[in-house]
Amino acid sequence: MPLRREATARQMRLGVELRRLREAAGLTAIEAAALLGANRAQMSHIESGLAGVSEERLRRLASHYACTDGTFIDALAAMAVDRTRGWWEEYRGSLPTSFLDLAELEHHAAFMREVAVLYVPGLLQTEDYARGVFSGRVPELTDGELELRLRHRMQRQDFAFRYELVIHECALRIRVSDRTAARAQLAKLLDLSQAENITVRVIPFDLDGFGRAASTMTYVGGPLRKLDTVVRDVPLGSAFIDSEAQLGLFRTRFRKVEAVSLDCERSRDFIFRLAKEL
């Protein structure tokens, strides 16, 4: 297969999982390449996501690696044959790659869990709120760049997966724009919290000794538990975390945060009171 100019996060994840299987089998890249009648460079391209791999080749590799987890192999095969060119592709070359990778990740998500501390998450933002967030960016965006980001963010909000949000009172009170935008954003949160696939839980300021309040996270469920992904904001974009050990830590972290938050009904009452204050 021809080399890709740039691998998406999903394509890189497939390569990472194949490399992990190879390493678990105790094989070098040269030895694995020989099993396919390929060379080391070709194997490197497959494991970096720069080259695709057919389903037949993937299953042959899994067999040589003595991987007996049929469900996992099937999930990897589905990733290998996927040729989806989603709506986000229209932004390639215009927006940072991390924006596109996140949209692709959400497109394939089984569920999402999020902890928010400073901002209402993008999936639930109003356009005016999002505009306020992007307008505060340094260096400043041009009008064209800002509008592209807004349009991309609004398109991301067309989702049907199960979404669980735990949001700190701080994020609900910070006004990224003006009072009118803040009130509209709280109203949208209240409205969306009634959806069957969305739960919103609030962590109030007066919770004693809650040191985890400063830790934001986005946990995205894959087709299998071992194919889940955590997304963290970093200075130049987003970091995608997929090691099983770290995924386990983030699962525990979310459950601990969720356990001390208000239940859904009390959270709606809390947000309603904040909106009334405005």
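Higher on the page you've got the structure.
Residues numbered from 1 in each chain as written. Predicted model: local features only at pLDDT ≥ 70, side-chain atom pairs only at ≥ 80, totals over all residues. Heavy atoms only, no water.

A. Highlighting the sheet that holds strand β3 (residues 198-203). One open sheet holds the 6 strands; their spatial order is β3-β2-β1-β4-β5-β6, and the pairing between them is mixed. Of all the strands in the sheet, just β3 and β6 (237-241) have a single pairing partner and so form its edges. When the angles between neighbouring strand axes are averaged without regard to direction, this sheet yields 15°. (Pairing = 2+ DSSP bridges. Helix = DSSP H or I, 4+ residues; strand = E, 2+ residues; numbered from the N terminus. Axes fitted to C-alpha atoms, helices over the stretch in contact; angles between N-to-C directions.)

B. Structural context of empty space enclosed by the protein. The tally for this structure, following the rule as stated, stands at 1 cavity of 30 Å³ or more. Lining of the largest cavity is provided by V120, Y129, A171, L172, I174, R175, A182, Q185 and L186. Those elements giving two or more residues to the lining of the largest cavity turn out to be α9 (169-173) and α10 (179-192). Here the lining of the largest cavity gets 3 residues from one element, more than from any other, and that element is α10. Broken down by class, the residue content of the lining of the largest cavity amounts to 7 nonpolar, 1 polar and 1 charged. (1 Å grid on protein atoms, 1.4 Å probe; cavity = no way out; pocket = protein on both sides within 12 Å on 5 of 7 lines; lining within 4 Å. Points joined across faces, edges and corners; volume = space filled by probe spheres on them. Nonpolar A, V, L, I, M, F, W, Y, C, P; charged D, E, K, R; others polar.)

C. Highlighting the layout of surface pockets. Estimates place the volume of the largest pocket at around 1,200 Å³. When residues of the lining of the largest pocket are traced back to their parent elements, those giving at least two are α6 (97-107), β1 (111-116), α7 (127-135), α8 (143-156), β4 (217-221), β5 (229-234) and β6. Taken together, the residues of the lining of the largest pocket break down into 21 nonpolar, 9 polar and 8 charged. Taken as a whole, the second largest pocket holds about 510 Å³ of empty space. Considering the residues around the second largest pocket, the lining is formed by 23 residues, among which R4, T8, Q11, T84 and R85 are closest to the centre. For the lining of the second largest pocket, the elements supplying multiple residues, two or more each, are α1 (9-24) and α5 (70-81). The greatest single-element share of the lining of the second largest pocket, amounting to 5 residues, is contributed by α1.

D. Main features of the nonpolar core. The biggest cluster of nonpolar side chains holds 31 residues, and the ones touching the most others in it are Y163, I167, L172 and L186. Of all the elements in the fold, those that place two or more residues in this core are α6, β1, β2 (162-168), α9, α10, β3 and α12 (264-277). Grouped together as the second largest cluster of nonpolar side chains are 25 residues, L14, A32, M43 and L227 included. (Core = buried A, V, L, I, M, F, W, Y, C linked by side-chain atoms within 4.5 Å. Buried < 20%, exposed > 50% of the residue type's maximum accessible area, 1.4 Å probe, protein only.)

E. The packing of α7 against α8, seen in detail. Interhelical geometry of α7 versus α8 gives an angle of 135° and a closest axis separation of 10 Å. The angle between the axes of α7 and α8 places the two elements in the oblique class. Pair α7 / α8 crosses with right-handed handedness. Together, E127, A130, R131, F134 and S135 of α7 and L146, E147, R149, L150, R153 and M154 of α8 make up the contact between the two elements. For the contact of α7 with α8, the residue count by class is 5 nonpolar, 1 polar and 5 charged. (Parallel < 35°, antiparallel > 145°, perpendicular 65-115°, else oblique. Left-handed = near helix turned anticlockwise from the far one by under 90°. Contact = heavy atoms within 4.5 Å.)

F. Expanded view of the packing of aromatic side chains. Within the structure shown, the criterion is met by 5 aromatic pairs. Between F159 and F161 the ring centres are 4.6 Å apart and the planes differ by 25°, which places this aromatic pair in the stacked class. On the accessibility criterion, F159 (17% relative accessible area) is buried. Take F161: its relative accessible area is 9%, and that puts it in the buried class. (Phe/Tyr/Trp six-rings, centres within 6.5 Å; stacked < 30°, edge-to-face > 60°.)

Geometric descriptors of this kind do not, in isolation, establish any biological role.
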